[in-house]
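Structure at a glance
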Amino acid sequence: MNPKTIDPNKLLKDERYKKLIQRLRSETLKLVIDDRNKAREYVKSSLQKLDPKNLNNEYIELLINEMQKLARIVLRKRTEK
């Protein structure tokens, strides 16, 4: 999945990801938003394991931005309930 084309709202509706996203703790989502260095660690670790060919700073920053967008949307939806 190319992060340039991610629509967080579609991702939240996709059954493949919906349950995974629901299991994320709000504290983890807040950490991703508030601590860019920690988010960088998460992304770098995941890329090393899952997609080492894309392990570069530009791609890492792109994924961090997308993670933060998704985290904000999920937290907003949780507080609306």
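Everything that follows concerns the structure shown earlier in this document.
Here's a quick rundown of the structure. Please read these numbers as outputs of a predicted model, since none were measured by experiment.

Rules of the game
Residues numbered from 1 in each chain as written. Predicted model: local features only at pLDDT ≥ 70, side-chain atom pairs only at ≥ 80, totals over all residues. Heavy atoms only, no water. 1 Å grid on protein atoms, 1.4 Å probe; cavity = no way out; pocket = protein on both sides within 12 Å on 5 of 7 lines; lining within 4 Å. Points joined across faces, edges and corners; volume = space filled by probe spheres on them. Helix = DSSP H or I, 4+ residues; strand = E, 2+ residues; numbered from the N terminus. Nonpolar A, V, L, I, M, F, W, Y, C, P; charged D, E, K, R; others polar. Axes fitted to C-alpha atoms, helices over the stretch in contact; angles between N-to-C directions. Parallel < 35°, antiparallel > 145°, perpendicular 65-115°, else oblique. Contact = heavy atoms within 4.5 Å. Expected span 1.5 Å × (residues − 1). Buried < 20%, exposed > 50% of the residue type's maximum accessible area, 1.4 Å probe, protein only. Arc of directions from axis to C-beta. Polar contact = N/O pair within 3.5 Å; in protein donor to acceptor, adjacent residues only side chain to side chain.

Considering the layout of surface pockets
Size it by volume and the largest pocket reaches roughly 960 Å³. Lining the largest pocket are 24 residues, with Leu11, Ser46, Leu63, Met67 and Leu70 positioned closest to its centre. Of all the secondary structure elements, the ones that give two or more residues to the lining of the largest pocket are helix 2 (15-23), helix 3 (26-34), helix 4 (36-50) and helix 5 (57-80). A per-element tally of the lining of the largest pocket places helix 5 first, with seven residues. Along the lines of polarity and charge, the residues of the lining of the largest pocket split into 20 nonpolar, two polar and two charged.

Considerations on the packing of helix 3 against helix 4
For any two helices packed against each other, one specifies the crossing angle of their axes together with the interaxial distance. Interhelical geometry of helix 3 versus helix 4 gives an angle of 110° and a closest axis separation of 5 Å. The angle between helix 3 and helix 4 falls in the class roughly perpendicular. For the pair formed by helix 3 and helix 4, the contact residues are Leu31, Val32 and Asp34 on the first element and Arg36, Lys38, Ala39 and Tyr42 on the second. Of the residues that constitute the contact of helix 3 with helix 4, the class distribution is four nonpolar, no polar and three charged.

Structural notes on helix 4
If you check helix 4, its first and last C-alpha atoms are 21 Å apart, about what 15 residues at 1.5 Å a residue would give, namely 21 Å. When helix 4 is considered as a whole, its buried residues turn out to be Ala39, Val43 and Leu47. Projected down its long axis, helix 4 shows its buried positions confined to an angular sector of 65°, all on one face. Residues of helix 4 that are exposed and angled more than 90 degrees away from the buried face: Asn37 and Lys49. Those residues of helix 4 that are buried lie in contact with helix 3 and helix 5. Between the side-chain oxygen of the N-cap and the backbone nitrogen of Asn37 there are 3.2 Å, and the N-cap of helix 4 in question is Asp35.

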